[in-house]
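Observations on the three-dimensional arrangement
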Amino acid sequence: MPRKSIGDTPMTDAERQARCRAARAAGVPVVHTRQTIDRPSRAQRWRDAAAAGSISLQESAIAEALQAICELELADLLAIEPRRGFGRD
């Protein structure tokens with residue numbers, strides 16, 4: 001939201017620059033303020049998105065495939081003998 005104008009009509013660029021130069025010559029300190037935005041941190045937004053995503057994906061085909069991969073036994077995978085040409089020539 002733009003700030004309120006000082007006079008009845010907006011200042012021109014030259015007037016604004018002359019006012020700024022006069023203030024600096026008079027030794028008036030320049031104060032820059034920013035409005036703070038109340039929002040969660042990036043880490044909190046990530047946690048919120050991950051929590052919402054996991055709920056929506058629990059019943060999907062991707063979730064079932066990932067669960068099947070997690071349930072595989074590592075010993076069973078090590079027992080598989082790969083064909084020639086897979087680094088075991």
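Here's a quick rundown of the structure. (Residues numbered from 1 in each chain as written. Predicted model: local features only at pLDDT ≥ 70, side-chain atom pairs only at ≥ 80, totals over all residues. Heavy atoms only, no water.)

Right, let's get into the overall build of the protein chain. Within the protein chain, the secondary structure is distributed over four helices and zero strands. For the protein chain, the α and β elements follow one another from N to C terminus as α-α-α-α. Across the 89 residues of the protein chain, 1% fall into the buried class. When the accessible area of the protein chain is evaluated, it comes to approximately 9200 Å², of which 57% is carbon and sulfur surface. (Helix = DSSP H or I, 4+ residues; strand = E, 2+ residues; numbered from the N terminus. Buried < 20%, exposed > 50% of the residue type's maximum accessible area, 1.4 Å probe, protein only. Areas by Shrake-Rupley, 256 points an atom, 1.4 Å probe, with all protein chains shown as cover.)

This paragraph deals with a nonpolar patch on the surface. A surface patch of nonpolar side chains, amounting to about 870 Å² of accessible area, comprises I62, L66, I69, L72, L74, L77, L78 and I80. Elements represented by at least two residues in the nonpolar patch include exactly α3 (61-71) and α4 (74-79). By secondary structure assignment, the location of L72 is in the loop between α3 and α4. (Patch = residues over 30% accessible without salt bridge, like charges linked within 9 Å, V, L, I, M, F, W, Y side chains within 5 Å. Salt bridge = Lys/Arg side-chain N within 4 Å of Asp/Glu carboxyl O.)

To continue, consider the pattern of salt bridges. One pass over the full model with this rule turns up one salt bridge. Between R16 and D13 there is a salt bridge, and its shortest N-O distance comes to 3.1 Å. With a gap of three residues between them, R16 and D13 both fall in helix α1 (residues 13-25), about one helical turn apart. For R16, a relative accessible area of 40% corresponds to the partly exposed category. Residue classification places D13 among the exposed residues on the basis of a relative accessible area of 61%.

Below, the discussion takes up a positive patch on the surface. Together, R34, R39, R42 and R45 make up a positively charged patch on the protein surface. Following the sequence through the fold, R42 ends up in helix α2 (residues 42-57). (Lys, Arg positive; Asp, Glu negative; His and termini not counted. Charge placed at Lys NZ, Arg CZ, Asp CG, Glu CD.)

A word on α1. The end-to-end C-alpha distance of α1, which contains 13 residues, comes to 18 Å, matching closely the 18 Å that a straight helix rising 1.5 Å per residue would cover. Positive backbone phi, at 85°, marks G27, one or two positions downstream of α1. (Expected span 1.5 Å × (residues − 1).)

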